[in-house]
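Architecture at a glance
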Amino acid sequence: MDHLTQTTYESMACPHSYGLVHIDGQKPPDTLPSVRGRDIHAIMAAYSEHCAARRVPMDLSYFDGLLLDTGDDAAEIMQSAGDSIIVDWQNFFAAEVSMGLDEDFRPTWSIDHDGNRLNFRNDLFGSMKHEYEKPAYCGILDDIALFPGGRAARIRDYKSHPRPFEPTTFQAKLYSLMLFMHMPELQEVEFVLVFVRYTNIVKPIKFYREQVPELKDEVRRVRLRQQGYHVTYAQEGIEGLPALPGTHCTYCPAAQNFTCPIAKLNPMLELEPDKRLQYRLWYSVASRANNQVMSQMVEGTGNSIHATDANGKQYTFGPVEKEKTTYPLF
């Protein structure tokens, strides 16, 4: 795989993991969040299309029926979110739309998660002049609304993350750019993160046609970094791509079989999740007990506790003395 997607962008946080998955072709492990995400996107696409076809903002009986054929984790989350999901059927354009752009940001065919070619959607975007150009950028937009006049659109992206975050993401920029390039008449795109775990928590951001050159520059910089990984791999092999720890380790094949080059130094691999939780519980109790003892010492002696590390940096527990130049009269 040598095209850029949101998934490849996330994996680029660790060059070594990127090389294993997207150059060597090793399959990343299926995790609960990834399976849950696929289930939720499938539910929302089917539900949006159904409500738009029936011209209704919601149909809870149909929604509940969709949950019967999905995983337990996704069903539990979506069951509590059903009442708050309103489909904008009047402006609904399409759901689960795969888009591709070539190296010059011209619309072309795209590639799905399994590496299969997906033809250009002539039914949505009209004729295409560059249907044989290889895609450099690909994405799947969850839900697109097109407003009257065809000059403004909205992209809704569904997230099952436990903590909401701001939409100032690479995905927001890439997907908005894709829609601008596929729809030349668009002047405004609103990208909205919808956090399905919570009632009505959405995070919107807007982009305008005059920002297209800036958006191109930003995604092109990421593309050049991605291509640099491929050059390094061709010259030095997988050993030339450094390993960096982080949340992406959860999806890395090297974290599953402990072949990570920095396994001994990688904090993500030092303890199993349950052992790490046990350590946190122990540390929490020990820290409270230690702070209580130090508080009693400070209270009993009236003096703060001081310590200095090997670099000469000083630390203090307790009141910090400060020199004052005024005397309180009252």
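Quick look at the structure, then.

Each value, and the rule that gives it
Residues numbered from 1 in each chain as written. Predicted model: local features only at pLDDT ≥ 70, side-chain atom pairs only at ≥ 80, totals over all residues. Heavy atoms only, no water. Pairing = 2+ DSSP bridges. Helix = DSSP H or I, 4+ residues; strand = E, 2+ residues; numbered from the N terminus. Contact = heavy atoms within 4.5 Å. Axes fitted to C-alpha atoms, helices over the stretch in contact; angles between N-to-C directions. Core = buried A, V, L, I, M, F, W, Y, C linked by side-chain atoms within 4.5 Å. Buried < 20%, exposed > 50% of the residue type's maximum accessible area, 1.4 Å probe, protein only. Polar contact = N/O pair within 3.5 Å; in protein donor to acceptor, adjacent residues only side chain to side chain. Salt bridge = Lys/Arg side-chain N within 4 Å of Asp/Glu carboxyl O. Phe/Tyr/Trp six-rings, centres within 6.5 Å; stacked < 30°, edge-to-face > 60°. Lys NZ or Arg CZ within 6 Å of the ring centre and 35° of its normal.

On the basis of which strands lie adjacent, the open sheet formed by six strands has the order S2-S1-S5-S6-S7-S8 and mixed pairing. Edge positions in the sheet fall to strand S2 (107-108) and strand S8 (202-208), since each of these pairs with one other strand and no more. For strand S5 (residues 137-146) and strand S6 (residues 152-159), the ladder comprises four bridges, and the chain directions are antiparallel. Each residue of the ladder has a partner; that of Ala145, found in S6, is Arg154. The sheet contacts of helix H7 (residues 170-182) involve strand S1 (92-101), S2, S5, S6, strand S7 (188-195) and S8, and relative to S5 the element is tilted by about 75 degrees.

Before going further, it helps to examine unusual backbone geometry. A positive phi angle is found at Glu96, which is not glycine, with a value near 50 degrees. With respect to the helices, strands and loops of the structure, Glu96 is situated in strand S1. The phi angle at Phe105 is positive, at roughly 65 degrees, despite the residue not being glycine. With respect to the helices and strands, Phe105 occurs in the loop between S1 and S2.

Another aspect to go through is the nonpolar core. If you look at the biggest cluster of nonpolar residues, it comprises 43 residues, and the most contacted ones within it are Met99, Tyr137, Leu141, Leu177, Met178 and Leu179. At the level of secondary structure, the elements contributing two or more residues to this core comprise helix H2 (15-23), S1, helix H6 (122-125), S5, S6, H7, S7 and helix H8 (212-236). Among the elements that line this core, the one with the most residues is H7, at nine residues. Formed by 20 residues, the second largest nonpolar core is a distinct cluster that contains Ile40, Phe63, Ala74 and Val196.

Looking now at the side chain of Arg154. Following the sequence through the fold, Arg154 ends up in strand S6. At 3.0 Å, the side chain of Arg154 and the side chain of Asp88 are in polar contact.

Attention now moves to the pattern of salt bridges. Scanning all chains against the criterion turns up 14 salt bridges. For Asp73, the salt bridge is made with Arg36, and the minimal N-O distance between the two is 2.9 Å. Here Asp73, found in helix H5 (residues 72-81), pairs with Arg36, found in helix H3 (residues 32-54); they are 37 residues apart in sequence, far enough to count as distant. Arg36 sits in the buried class, given a relative accessible area of 9%. Among the charged side chains, a network of salt bridges with common partners joins Asp102, Asp104, Arg106 and Glu133.

This structure, assessed with the given rule, holds eight aromatic pairs. Consider the rings of Tyr47 and Phe63, whose centres lie 4.9 Å apart with planes at 65 degrees: the pair is edge-to-face. One end of the pair, Tyr47, is in helix H3; the other, Phe63, is in helix H4 (residues 60-67), and 16 residues separate them in sequence. Among the residues examined, Tyr47 registers a relative accessible area of 0% and is labelled buried. For the pair Tyr175 and Phe191, a centre-to-centre distance of 6.5 Å together with 70 degrees between the ring planes defines the contact as edge-to-face. Highlighted residues: Tyr175 in helix H7 and Phe191 in strand S7, separated in sequence by 16 residues. Judged on exposure class, the residue Tyr175 and its partner Phe191 are both buried. Among the aromatic side chains, those forming a connected cluster through ring pairs are Phe93, Phe120 and Phe125. The ring of Trp109 has Arg117 sitting right over it, with the charged end atom 4.2 Å from the ring centre.

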